[in-house]
2 protein chains.
Amino acid sequence: MIRIGIYGYGNLGRGVEAAIKKNSDMKLVAVFTRRDPQTVKLNTEGVKVFPSVDVKSFVDDIDVMILCGGSATDLPLQTPELCKYFNVVDSFDTHARIFEHYQNVDKNAKESGKIGVISTGWDPGMFSLNRAIMNAILPDGNDYTFWGKGVSQGHSDAIRRIDGVVDARQYTIPVDAALESVRKGDNPKLTTRQKHTRECFVVAEDDADKARIEKEIKEMPNYFADYDTTVHFISLDELKKNHSGIPHGGFVIRSGETSDNTKHVIEYSLKLDSNPEFTGSVLVAYARACYRANQRNESGCRTVFDFSAKDLSLVSYEELLKHTL
Amino acid sequence: MIRIGIYGYGNLGRGVEAAIKKNSDMKLVAVFTRRDPQTVKLNTEGVKVFPSVDVKSFVDDIDVMILCGGSATDLPLQTPELCKYFNVVDSFDTHARIFEHYQNVDKNAKESGKIGVISTGWDPGMFSLNRAIMNAILPDGNDYTFWGKGVSQGHSDAIRRIDGVVDARQYTIPVDAALESVRKGDNPKLTTRQKHTRECFVVAEDDADKARIEKEIKEMPNYFADYDTTVHFISLDELKKNHSGIPHGGFVIRSGETSDNTKHVIEYSLKLDSNPEFTGSVLVAYARACYRANQRNESGCRTVFDFSAKDLSLVSYEELLKHTL
């Protein structure tokens, strides 16, 4: 059994916990939190919660630590620090800073003889893996990535910061016409506005100026100004009843030519009821690959580009040959 | 430059030849054929055709030999034999005999210190790779594979063997209702008939009994009897004009749960203008991985389950981290 620790117990931590239960070669050993452990209730019988500052005393008890903190401030510090002591897996998703993060983790993991797997999940993660393989197979072509339909946490938070807003949920929605054009192999040049629309469900304070809120959302730079955005004002009850899930998904499509006028389209898509539970499931599969790599005496930073399907698989290689190939 | 040889120059051999031109790190060195080399005209300037019996004199000139023979009788003998001298890649696709083929190639490749990559292409190949990864991520779920719309060579050949048939083309078509049910995560139990239909375009001899031919097709065991089959009689001109391509494609879908009532659907699909050109492109990407594995002093049989995206990629790891992750 691969002994797993969870470091950070929010939505993603609970997603990892759920995923561990679906994998018969793993068990959850401990959860670490910055909160008072007494206030944290797990979904797994018999497993204890510890203060995050005590983590180093578990070096002999945990094979892989799965880091479930945020990419803005947690993971840039936690992953390089914890890979001094543990094999670690994270879901660092700030694309622009991935190379820097890689170098920080690689240096410390090589010194400690551990493996640090960074930026797993679905994007970065499964989408990146598919982009890389699609490009290797069809080198003469174009990639397209569409996200949604799904809840964007960052955009929902941005709306919540507007004066007069009680709560909000933002959905990113791919534009069907753009998707269809890409699937036909048209290789269109698409603007931001042509690829996705944004739909917002907003709970406003009773006396708030809704016209002003809607204007502030639609004109918000980076977040909404470049998109066709729809704003719906709803009650808090409606928000809780109809928008409490965290669904997401998306599409990676590559179209390319192998000779003149001979086109091919490869598409990989996800439709997820729960973004954190699916992300947690990917992290757990990479925890297995991480453990196996370290068992082979490898060390350093790794990404989805480094592992084979054999590394990830719960079933034996012989089973894969006989039943999956 | 990775120096490639092509062994067998039919549709697949020409597909591999086209793919090599799209990969800047490879060059075609020689083509081997059982036919009279004088009668074979390549699509690559300056490359020569040699009799297949002379292949062993090229051991120092070729880094990877791509085998483009058939799975029924060619590859079971050729791949184990040629991996005694070369790194080889094949597209062996007789699912029931893959494990036996693996063992034969593994033994000889280990003795010669070469790498033999078997059963690449799209199914087996990309579809197998995706099934394995999807299973690792969503261990609690079901897989579905649909083929088409596309030309099935084996089924077309079966029709051609019927008395009174001049030529024929058979399309395998996935049933939309089945695809939609799977995509919704319904986890349906589907019979053969519910998954695919078969559409046949047949050119009959002038005096042939068309009713008898149609009956023979529709009742043919294994090939057609378990399917809803449609037969169209057309002229040879129509067949040449409208059915000369070899398009294919298909869908691999896995739906699974990560907790009660929390479902996820992963889908990988291909839409191919030319089955042999796409298959050739996959073989060429695995030729790169094969070469790299052998450069690392590895030997033995390998499949799509053994390689990472890094092994397959034409671009550097740093490029992948910066632009693809």
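On a predicted model such as this, the values are computed, not experimentally measured, just so you know.

Caption draft 1: View of the packing of aromatic side chains. The full count for this structure, using the stated rule, is 18 aromatic pairs over all chains. Ring centres of Phe127 of chain B and Tyr268 of chain B lie 6.0 Å apart, and the angle between their planes is 85°; on these two criteria the pair is classed as edge-to-face. Separated by 141 residues along the polypeptide, Phe127 of chain B in helix α4 (residues 126-137) and Tyr268 of chain B in strand β13 (residues 262-272) bring together distant segments of the chain. The exposure class of Tyr268 of chain B is buried, given its relative accessible area of 3%. A cation over an aromatic ring shows up here: Lys195 of chain A above the ring of Phe146 of chain A, its NZ or CZ 5.2 Å from the ring centre. Above the ring of Tyr227 of chain A, the side-chain terminus of Arg198 of chain A is found at 4.1 Å from the ring centroid.

Caption draft 2: Structural context of the pairing of strand β2 (residues 26-33) of chain B. Residue and element names in this part refer to chain B. Burial of β2 is extensive: 6 of the 8 residues sit out of reach of the surface. Note on the crossover from strand β1 (residues 2-7) through helix α1 (residues 11-21) to β2: the handedness is right-handed. Sheet topology places β2 next to strand β3 (residues 48-51); 4 bridges connect them, and they run parallel. Paired with Phe32 across the strands is Phe50, a residue of β3.

Caption draft 3: The arrangement of unusual backbone geometry in detail. Cis peptide bonds are those with omega within 30 degrees of zero, and the linkage from Gly148 of chain A to Lys149 of chain A qualifies with 0°. With omega at 5°, the peptide bond leading from Asp123 of chain B into Pro124 of chain B counts as cis. Residue placement: Pro124 of chain B occurs in the loop between β6 (115-117) and α4. Residue Asn222 of chain A is not a glycine yet carries a positive backbone phi of 65°.

Caption draft 4: Spotlight on the interface of chain B and chain A. Listed per partner, the contact involves 66 residues of chain B and 66 residues of chain A. Interface area, chain B with chain A, both sides summed: about 5500 Å², of which 64% is carbon and sulfur. Scanning the region where chain B abuts chain A turns up 4 salt bridges. The salt bridge involving Asp140 of chain A is made with Lys22 of chain B; its shortest N-O contact spans 2.6 Å. If you look at where chain B meets chain A, you find 31 residue pairs in polar contact (both at pLDDT 80 or more). Those elements that provide at least two residues to the side of chain B that touches chain A are α3 (98-112), α4, β12 (248-259), β13, α10 (275-295), α11 (309-312) and α12 (317-324) of chain B. Looking at the side of chain B that touches chain A, the element that brings in the most residues is β13 of chain B, giving 11 residues. For the side of chain B that touches chain A, a count of residues per class yields 31 nonpolar, 17 polar and 18 charged.

Caption draft 5: Inspection of the relation of the copies chain B and chain A at higher detail. Expressed as a screw transformation, the operator carrying chain B onto chain A has a rotation angle of 180° and an axial translation of 0.0 Å, and the superposed copies differ by an RMSD of 0.1 Å. With respect to symmetry, the two chain copies, as superposed, fit the operation of a two-fold axis. A shared binding surface is used by both copies, with 100% of the interface residues of chain B retained as interface residues in chain A.

Caption draft 6: Seen up close, α1 of chain B. Across the 11 residues of α1 of chain B, 8 count as buried, placing the element largely inside the fold. Those residues of α1 of chain B that sit buried are Leu12, Gly13, Gly15, Val16, Glu17, Ala18, Ala19 and Ile20 of chain B. Looking at the buried residues of α1 of chain B, the elements they touch are β12 (248-259) of chain A together with β1, β2, β4 (64-67) and α10 of chain B.

Caption draft 7: Quick look at the packing of helix α2 (residues 75-82) of chain A against helix α3 (residues 98-112) of chain A. Residues and elements named next belong to chain A. Their axes nearest at 8 Å, the elements α2 and α3 cross at an angle of 20°. Here α2 lies roughly parallel to α3, going by the angle between them. Handedness of the crossing formed by α2 with α3: right-handed. Every residue of α3 that contacts α2 at Leu75, Pro76, Thr79, Pro80 and Glu81 is listed here: His101, Asn104, Val105 and Asn108.

Caption draft 8: Geometry of the pattern of salt bridges. Residue and element names in this part refer to chain A. Tallied over the full model, the rule gives 50 salt bridges over all chains. Among the salt bridges present, the one from Glu81 reaches Lys56, with a minimum N-O distance of 3.7 Å. Taken together, the residues Glu81 in helix α2 and Lys56 in the loop between β3 (48-51) and β4 (64-67) connect sequence positions 25 residues apart. Looking at Glu81, the relative accessible area reads 30%, which means it is partly exposed.

Caption draft 9: Fine view of the sheet that holds strand β5 (residues 87-89) of chain A. All names here are of chain A. Ordered in space as β3-β2-β1-β4-β5-β6-β14, the 7 strands form an open sheet in which the pairing is parallel. Each edge of the sheet is formed by a strand with only one pairing partner; in this case those strands are β3 and β14 (300-302). Going from strand to strand, the sheet's axes swing by 25° on average, the running direction of each strand aside. When strand β1 (residues 2-7) meets strand β2 (residues 26-33), the two strands line up parallel, connected through 6 bridges. Considered in β2, the bridge of Tyr7 is made with Phe32. Of the strands in this sheet, β6 (115-117) and β14 touch α3, which is tilted by about 135° from β14.

Caption draft 10: Representation of the state of the cysteines in the model. Across all of its chains, the model carries 0 disulfides over all chains by this definition. In this model Cys290 of chain A remains outside any disulfide bridge; the closest cysteine sulfur is found in Cys83 of chain A, 10 Å from its own. Left unpaired, Cys68 of chain B is separated from the closest cysteine sulfur, that of Cys290 of chain B, by 13 Å.

Caption draft 11: Region of the structure containing the sheet that holds strand β11 (residues 228-233) of chain A. Residues and elements named next belong to chain A. Ordered by their spatial adjacency, 4 strands build an open sheet running β8-β9-β10-β11, and the pairing between neighbours is mixed. Looking at strand neighbours, the two that pair on one side only are β8 (150-151) and β11, the edges of this open sheet. In the packing of helix α5 (residues 153-160) onto the sheet, contacts are made with β8, β9 (165-174) and β10 (196-204), and the angle to β9 comes to roughly 145°.

Caption draft 12: Main features of the environment of Gly249 of chain B. All names here are of chain B. Assignment of secondary structure puts Gly249 in strand β12. Along the backbone, Gly249 and Tyr85 are 164 residues apart, and their C-alpha atoms lie at a distance of 34 Å. The contact partners of Gly249, leaving out residues within four places of it in the chain, are Trp122, Trp147, Gly148, Lys149, Leu270 and Leu272.

Caption draft 13: Local environment of the environment of Ser316 of chain B. Mapping Ser316 of chain B onto the fold places it in the loop between α11 and α12. At 3.1 Å, the side chain of Ser316 of chain B and the backbone nitrogen of Glu319 of chain B are in polar contact.

Caption draft 14: Focus on the confidence of the model for chain A. On average, residues of chain A score 97 in pLDDT, and 100% of them reach the 70 mark or higher. Across the interface, the model reports ipTM at 0.96; the global pTM reads 0.96.

Caption draft 15: Structural detail: the environment of Tyr7 of chain B. Residue and element names in this part refer to chain B. For Tyr7, the position within the fold is in strand β1. Placed 78 residues apart in sequence, Tyr7 and Tyr85 show a C-alpha to C-alpha distance of 13 Å. Aside from chain neighbours lying at most four places away, what touches Tyr7 is Phe32, Ser52, Val55, Met65, Ile66, Leu67, Cys68, Gly69, Gln78 and Leu82.

Criteria and thresholds
Residues numbered from 1 in each chain as written. Chains lettered and ligands numbered in written order. Predicted model: local features only at pLDDT ≥ 70, side-chain atom pairs only at ≥ 80, totals over all residues. Heavy atoms only, no water. Phe/Tyr/Trp six-rings, centres within 6.5 Å; stacked < 30°, edge-to-face > 60°. Helix = DSSP H or I, 4+ residues; strand = E, 2+ residues; numbered from the N terminus. Buried < 20%, exposed > 50% of the residue type's maximum accessible area, 1.4 Å probe, protein only. Lys NZ or Arg CZ within 6 Å of the ring centre and 35° of its normal. Right-handed = clockwise from strand over helix to strand, strands pointing away. Pairing = 2+ DSSP bridges. Contact = heavy atoms within 4.5 Å. Buried area = accessible area lost by both parts, 1.4 Å probe. Salt bridge = Lys/Arg side-chain N within 4 Å of Asp/Glu carboxyl O. Polar contact = N/O pair within 3.5 Å; in protein donor to acceptor, adjacent residues only side chain to side chain. Nonpolar A, V, L, I, M, F, W, Y, C, P; charged D, E, K, R; others polar. Least-squares fit on C-alpha atoms with pLDDT ≥ 70 in both. Axes fitted to C-alpha atoms, helices over the stretch in contact; angles between N-to-C directions. Parallel < 35°, antiparallel > 145°, perpendicular 65-115°, else oblique. Left-handed = near helix turned anticlockwise from the far one by under 90°. Disulfide = S-S within 2.5 Å. pLDDT = per-residue confidence, 0-100.

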